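Examining the three-dimensional arrangement
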Amino acid sequence: MTILDGKKVSNDIKDEIAEHVKSMISKGEKVPHLAAILVGSDGASMTYVNAKVKACERIGFNSTLIELPEYISEEELLEKIHDLNTNDAIDGFIVQLPLPEQIDEQKVLMAINPDKDVDGFHPVNVGRMALDLPTFLPATPYGIMELLERYQIETSGKNVVILGRSHIVGRPISILMSQKRKAGDATVTVVHSRSKNLEDITREADIVVAAIGISEFLTGDMVKEDVVIIDVGITRVPDATKKNGYRLAGDVHYESVSQKASYITPVPGGVGPMTIAMLLKNTLLARERHNK
Ligand code: BQF
């Protein structure tokens with residue numbers, strides 16, 4: 001069994017980007033500038049957005065964190081987005097999700113200039129992804145593709161079963177892995193809360209991507225021998241033995257599934273760090289496309 005070390009691979013990618021930034025500086029070029037909007041002060045969201053800002057600093061990007069109050073109106077948030085759309089110093093920006101309930105998420109994502117949409121959530125970019133046109137791939141699916149590629153895991157003709165159909169992970173990874181591309185050419189099945197006989201489907205999988213948001217949902221009896229496991233889940237589970245009061249659990253019951261798997265991503269240190277690395281990659285791409 002091989003652990004797919006997302007922490008290490010993400011550090012390799014960050015080093016590659018940092019080298020690229022150095023060469024940009026030596027040529028007198030502008031370095032990439034990422035902005036992030038955080039609405040409210042949800043603990044997990046703050047952790048994620050801070051990790052993104054810190055990663056920018058580490059590799060030599062400029063970054064701007066815009067913190068807005070929990071009870072901001074949709075209109076005011078849309079104004080902030082307009083500012084970033086028209087601010088020529090910003091190459092790309094993200095709006096940290098989830099948003100508070102008074103705000104229509106789809107309306108917000110549609111307000112982002114697609115050329116600055118480094119999360120790849122704007123409908124134009126989702127369409128471009130589905131049509132295999134140049135775009136920004138959403139960071140988590142992009143990170144999974146990159147991890148599979150760098151570990152040279154064969155996907156062509158394989159049965160891939162995706163647990164979950166979210167707009168952020170399940171749906172886009174199902175599109176990407178069925179496309180004619182690196183880490184693609186797979187036979188993809190998407191299962192979700194209405195699927196019947198789910199275990200019969202997962203037991204046929206050569207590769208499982210677990211992205212349903214239910215901690216330790218996938219157990220050893222649900223997979224076949226030598227399965228490849230990509231665990232996208234990241235849930236805080238109360239744990240009195242931890243000093244912060246919780247541990248991080250994936251969507252996969254690691255103990256039982258890892259006994260059968262040929263490859264498996266750990267939680268933490270698997271897909272999560274790859275998400276950050278690919279956001280940076282998209283921001284570099286945004287800088288290079290800017291002015292073109
Ligand atoms: C790790 C996210 C759910 C909802 C909104 C490293 C991250 C996570 C884990 C991270 C995530 C999850 C992010 C690890 C960004 C991934 O070491 O295992 C990094 O920062 N993520 C997000 O921005 O929004 C989310 C999950």
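Bear in mind that the values here come from a model prediction, so they are computed numbers and not experimental data.

For helix 1 (residues 6-26), with 21 residues, the first-to-last C-alpha span of 30 Å sits near the 30 Å given by 1.5 Å per residue. What helix 1 keeps buried is the set Gly 6, Val 9, Ser 10, Ile 13, Lys 14, Ile 17, Ala 18, Val 21 and Met 24. Where helix 1 is buried, its residues meet helix 2 (43-59), helix 6 (139-150) and helix 10 (271-289). Two residues or fewer after helix 1 comes Gly 28, characterised by a positive phi angle close to 75°.

On to the layout of surface pockets. Considering only enclosed or pocket space, the largest pocket measures out at about 1500 Å³ in volume. Of all the secondary-structure elements, those providing two or more residues to the lining of the largest pocket are helix 1, helix 2, helix 6, strand 9 (235-238), strand 10 (246-249) and helix 10. Ranked by residue count, the leading element in the lining of the largest pocket is helix 2, at nine residues.

Neither face of strand 4 (residues 92-95) is open: one carries Gly 92 and Ile 94, the other Phe 93 and Val 95, and all of them are buried. Strand direction decides the pairing type here: strand 2 (residues 33-39) and strand 4, joined by four bridges, are parallel. Considered in strand 4, the bridge of Ala 36 is made with Ile 94.

Procedures and definitions
- Residues numbered from 1 in each chain as written.
- Predicted model: local features only at pLDDT ≥ 70, side-chain atom pairs only at ≥ 80, totals over all residues.
- Heavy atoms only, no water.
- Helix = DSSP H or I, 4+ residues; strand = E, 2+ residues; numbered from the N terminus.
- Expected span 1.5 Å × (residues − 1).
- Buried < 20%, exposed > 50% of the residue type's maximum accessible area, 1.4 Å probe, protein only.
- Contact = heavy atoms within 4.5 Å.
- 1 Å grid on protein atoms, 1.4 Å probe; cavity = no way out; pocket = protein on both sides within 12 Å on 5 of 7 lines; lining within 4 Å.
- Points joined across faces, edges and corners; volume = space filled by probe spheres on them.
- Pairing = 2+ DSSP bridges.

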